[in-house]
Amino acid sequence: MSGLTLTDARLATLDGPGYGIVDGWLRIEDGRISALGAGAGPGDGASESLGGRLVTPGMIDCHTHLVHGGERAREFEMRLEGASYEDIARAGGGILSTVTATRSASEDELVAQALPRLDALLAEGACTVEVKSGYGLTIDHELKMLRAARRLAAERPVRIVTTWLAAHATPPEYKGRDDAYLDEVAIPGLRAAHAEGLVDAVDGFCEGIAFSTAQMARLFDVAAELGLPVKLHAEQLSHMGGSELIAARGGLSADHVEYATAADARLLAAAGSVATLLPGAFYTLRETQMPPVAAFREAGTVMALATDANPGTSPLTSLLLTMNMGATLFRLTPEECLRGVTLNAARALGLADCGRLAPGLRADLAVWDARAPAELTYRIGFNPLYRRYFEGRPC
């Protein structure tokens, strides 16, 4: 019999209520989980004892801006020295500094710069990572970002999901002409990205400093025409109605959602849309408006967690720290945190073949030097990963 059986394992299957703990074994064949169960397991075929270690689904980072040029460490210093956002912008900083660096970088350079950030996620058990465009803000540079993102999966054993985020900001050459930017860059660029097979979903930044719900609806109309799912940076800095738009469109997720309401929670739950919480940005920006976690729980809204890895507002490449922040800052339970970076993160990406341990699903696994799943959320700055399996292969 081909394949591999992992024995003496503590499986956090996340299949059913709670952690779904099974003390037993898991069989891998052809990159998939073929069977699992309690006890010693089948006696035939190759096997490996995990010595009682914890096994979870491979981690999933469902919201990142991993591909970009440059860094913004000096801005971090300037903020701590008392500079305002306006001061930083006048000094050439902010998102436009990343746009300049991204436009200046070649595709090869973007890949090279993204790999260390990706490696940090993989070292903590990530098997699936979403990557957005959004720092090119021209058709050619946005496509370049997505090509670089796709190439990451050829450089490392990881699944990359790509998102078109040209509606991230209006570049200087379109200042005051947001609709023209959508008509001349964001929409035709989306069509080009789709034609090239570079895009899995469509996103935008719905905020007073970015785009309105009406503008996002125009972009989403094109996404629907192309058969692409949608998601949205929504309710991060104010309540703009982005969550309601996502619910109305049956979108994958509304992300950030600090200013979402109980009514938004009910709409998202009814639509099956995920609320993706991003504590790294909340922490970095020292925000005080927390997402309405209690309302999400009451409504039955699915909650995911992600790093929001980006150079300005969340320079975070640790899902373990994200889990701890989700618990400490947003008062999520350790179980909610683990589901947030596995099963619920898969839902936020529209993926049904990963995020839990069950026969037929991908054998994307994280094996930990731990027994209790809560340890993954509880520790700070400590990585207990023992081994990662991607499509059944140890790596």
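Per chain, the residues get numbers from 1 upward, laid out in the order the sequence is written. Only residues with pLDDT of at least 70 get local features here, since the model is predicted, and only at 80 or more are side-chain atom pairs given and counted; chain-wide, interface and lining totals rely on the full set of residues. Side-chain numbers here rest on the full set of heavy atoms in the structure, without hydrogens or water.

A.B. asks: So what's going on with the overall build of the protein? Residues and values would help.
C.D. replies: From N to C terminus, the protein includes 15 helices and 16 strands. Here the globule rule is a power law, 2.2 Å times the number of residues to the power 0.38, and the radius of gyration is based on C-alpha atoms. A compact globule built from 395 residues would reach a C-alpha radius of gyration of about 21 Å, and the protein, at 21 Å, matches this within 12%. Structurally, the protein occupies a C-alpha span of about 70 × 45 × 45 Å along its principal axes. For every residue, the accessible area obtained with a 1.4 Å probe (protein chains only) is divided by the maximum for its type, and the residue is called buried under 20%, exposed over 50%, and partly exposed between those limits. The 395 residues of the protein split such that 57% are buried. Each accessible area value is a Shrake-Rupley result obtained with a 1.4 Å probe; residue values ignore everything except the protein chains displayed when judging cover. Of the roughly 14800 Å² that the protein leaves accessible, carbon and sulfur atoms contribute 53%. What counts as a helix is a DSSP run of H or I of at least four residues, what counts as a strand is a run of E of at least two, and both are numbered from the N terminus.

A.B. asks: Describe the sheet that holds strand β12 (residues 274-277), and please don't skip the residues or the numbers.
C.D. replies: Taken together, the four strands give an open sheet; going across it, the order is β10-β11-β12-β13, and neighbouring strands pair in parallel fashion. The open sheet has two edge strands, β10 (231-234) and β13 (303-305), and neither has a second partner. Averaged over all neighbouring strand pairs, the angle between strand axes comes to 25°, with direction disregarded. Strand pairing is defined by DSSP finding a minimum of two bridges between the two strands. In terms of strand pairing, β10 meets strand β11 (residues 253-256) through four bridges, oriented parallel. When the sheet's bridge partners are listed, His 233 is paired in β11 with Asp 255. Note on geometry: axes are C-alpha line fits, over the in-contact stretch for helices, and angles between N-to-C directions span 0 to 180 degrees.

A.B. asks: An account of the environment of Arg 297 is requested, with residue identities and associated values reported.
C.D. replies: If you trace the backbone, Arg 297 turns up in helix α11 (residues 293-299). Arg 297 sits in the partly exposed class, given a relative accessible area of 39%. Only heavy atoms matter for contacts: two residues are in contact if any of them lie within 4.5 Å across the pair. Residues within four places of Arg 297 in sequence aside, it is in contact with Met 303, Arg 331, Leu 332, Thr 333 and Glu 336.

A.B. asks: Kindly report on the side chain of Glu 124, identifying the contributing residues and their values.
C.D. replies: With respect to the helices and strands, the residue Glu 124 is situated in the loop between α4 (107-122) and β7 (126-132). This buried residue, Glu 124, is left without a salt bridge; Arg 388 holds the nearest opposite charge, at 11 Å. A polar atom in the side chain of Glu 124 sits 3.1 Å from the backbone nitrogen of Leu 319. Identification of polar contacts relies on pairs of N or O atoms within 3.5 Å, with a donor-acceptor requirement for protein atoms, meaning one able to donate a hydrogen and the other able to accept it, and with residues adjacent in sequence counted only if both atoms are side-chain atoms. In this structure the side chain of Glu 124 is engaged in a polar contact, spanning 3.1 Å, whose partner is the backbone nitrogen of Leu 320. Beyond its immediate stretch of four places on either side in the chain, Glu 124 contacts Met 59, Ser 318, Leu 319, Leu 320, Trp 368, Asn 383 and Leu 385. The convention is simple: Lys and Arg are positive, Asp and Glu are negative, and His and the chain ends are not counted. By definition, a salt bridge exists where a carboxyl oxygen of Asp or Glu is found within 4 Å of a side-chain nitrogen of Lys or Arg.

A.B. asks: Just give me the short version of the domain arrangement of the protein, but keep the residues and values in it.
C.D. replies: One frequently used descriptor of interface size is the decrease in accessible area upon assembly of the parts. Its domain assignment divides the protein into domain 1 (4-57 + 356-394) and domain 2 (59-349). Taken together, the contacts link 27 residues of domain 1 with 23 residues of domain 2. Of the roughly 2000 Å² buried between domain 1 and domain 2, counting both surfaces, carbon and sulfur atoms make up 64%. Two parts placed together each lose some accessible area under a 1.4 Å probe, and the buried area is that loss summed for both. Counting the surface domain 1 buries against domain 2, the share from its top three residues, Leu 14, Thr 377 and Arg 388, is 32%. Our enumeration of links across domain 1 and domain 2 arrives at zero salt bridges. Between domain 1 and domain 2 we count eight residue pairs in polar contact (both at pLDDT 80 or more) in total. Elements supplying a minimum of two residues to the side of domain 1 that touches domain 2: β5 (54-57), β14 (365-368), α15 (375-378) and β15 (385-390). The element best represented in the side of domain 1 that touches domain 2 is β15, accounting for four residues. Residues are grouped as follows: Ala, Val, Leu, Ile, Met, Phe, Trp, Tyr, Cys and Pro are nonpolar; Asp, Glu, Lys and Arg are charged; all remaining types, including Gly, are polar. Split into classes, the residues belonging to the side of domain 1 that touches domain 2 amount to 17 nonpolar, five polar and five charged. Reported domain spans reflect what an automatic or database domain assignment gives.

A.B. asks: Account for the UniProt feature "binding site: N-formimidoyl-L-glutamate" (unreviewed entry) in the protein, with residues named and values stated.
C.D. replies: UniProt positions are given in the numbering used here, feature names are shortened, and annotations may be inferred rather than shown by experiment. Mapped onto this numbering, the UniProt entry gives "binding site: N-formimidoyl-L-glutamate" (unreviewed entry) at Tyr 135, Asn 310 and Gly 312. With the annotated positions falling across 178 residues, the maximum pairwise C-alpha distance of 11.5 Å places them together in a single cluster. Here, the second largest pocket is lined by Asn 310 and Gly 312 out of the annotated residues. Assignment of secondary structure puts Asn 310 in the loop between β13 and α12 (319-330). Classification of Asn 310 as buried rests on a relative accessible area of 6%. Aside from chain neighbours lying at most four places away, what touches Asn 310 is His 65, Tyr 135 and Pro 315. Within the local environment of Asn 310, its side chain forms a polar contact with the backbone nitrogen of Gly 312, the two atoms lying 2.8 Å apart. Within the secondary structure layout, Gly 312 lies in the loop between β13 and α12. Using only the protein atoms, space was sampled on a 1 Å grid; points where a 1.4 Å probe fits but cannot get out form cavities, open sets with protein on both sides within 12 Å along at least five of seven lines form pockets, and lining residues are those with an atom within 4 Å of a point.

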